[in-house]
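Survey of secondary and tertiary structure
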Amino acid sequence: MGFFGTLIFLATIVGVCFAVGHFLHRYRELEAELLRTRRQRSEVIDFLNHFSRSVATVAEIDHAMQLVAHYLADVLGAESLGIYTVDPNPADADEKRLRGAAVAGMFPLFHGESEIVLAKVKYRLEHLKHEFVTFGDGILGRVAATDSSVLVRDAATYGVPEEIPPRVHTLMAVPMRVENQLHGVVCAVNCR
């Protein structure tokens, strides 16, 4: 075996060692990802069990919605999150609209802010429960009307800035569907 033969042999050994090292590294990454996924699955199952136990009566539905809002905000890493549900009793039978149902954190108000309402989460939630969004109106209404999600990565570059509440930097709104029927919209925001 000459010089070039030895060089090719060494290069092959280095290549095999590199491939084995890369495989072991990727195996460890996948193993860690599997562990994270199993942990998240367990958390979701625990949450769903707790949630289903907490919805024993109609009076507890508000509390359950709050649990969902806080859980989703935590999972998404959102500063705040609002859940809007389809209003079952609109003033006009032909008008479809959303109504605030739950909030986690200092969720921004999309219509008519007041300093009193902004002061505490509980006041904000009460205001949100009386806030109606017509299908097609603004970001939330458009998500409901079109059944498609909206992701605003940077509010400063968003095409319709008046649709975004002040101080919001990023926003994600997604339709809530159960068995092919729209039940509401979930909106997560970050101000940082």
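Above this note sits the structure.
So, here's what we can say about the structure. (Residues numbered from 1 in each chain as written. Predicted model: local features only at pLDDT ≥ 70, side-chain atom pairs only at ≥ 80, totals over all residues. Heavy atoms only, no water.)

1. With respect to the pairing of strand β5 (residues 170-178)
Direction of pairing for strand β4 (residues 150-152) relative to β5: antiparallel, over a ladder of 3 bridges. By the bridge assignment for β5, Val-150 is matched with Ala-173. Pairing geometry for β5 and strand β6 (residues 181-190), over 9 bridges, is antiparallel. Each bridged residue has a counterpart across the sheet, and for Ala-173 the counterpart in β6 is Cys-187. Between β5 and β6, which pair antiparallel in sequence order, lie 2 residues; one of them, Glu-179, sits at a positive phi of approximately 50°. (Pairing = 2+ DSSP bridges. Helix = DSSP H or I, 4+ residues; strand = E, 2+ residues; numbered from the N terminus.)

2. As for the pattern of salt bridges
Summed over all chains, the structure comprises 4 salt bridges. Measuring nitrogen to oxygen at the nearest pair gives 2.7 Å for the salt bridge that ties Asp-87 to Arg-97. You can see Asp-87 sitting in the loop between β1 (80-86) and β2 (97-104) and its partner Arg-97 sitting in strand β2, a full 10 residues away along the chain. Arg-97 matches Asp-87 in its accessibility class, with the two residues each being buried. Ionic pairing is found between Arg-142 and Glu-163, a salt bridge with its closest N-O pair at 3.0 Å. Residue Arg-142 is found in helix α5 (residues 138-146), and its partner Glu-163 is found in the loop between β4 and β5; the two are separated by 21 residues along the sequence. (Salt bridge = Lys/Arg side-chain N within 4 Å of Asp/Glu carboxyl O. Buried < 20%, exposed > 50% of the residue type's maximum accessible area, 1.4 Å probe, protein only.)

3. Points about the environment of Ala-78
Within the secondary structure, Ala-78 sits in the loop between α2 (61-76) and β1. We classify Ala-78 as buried; its relative accessible area is 14%. Distance from Ala-78 to Cys-191, taken between C-alpha atoms, is 9.2 Å for residues 113 residues apart in sequence. Dropping the residues within four chain positions of it, Ala-78 is found in contact with Ala-73, Ala-188, Val-189 and Asn-190. (Contact = heavy atoms within 4.5 Å.)

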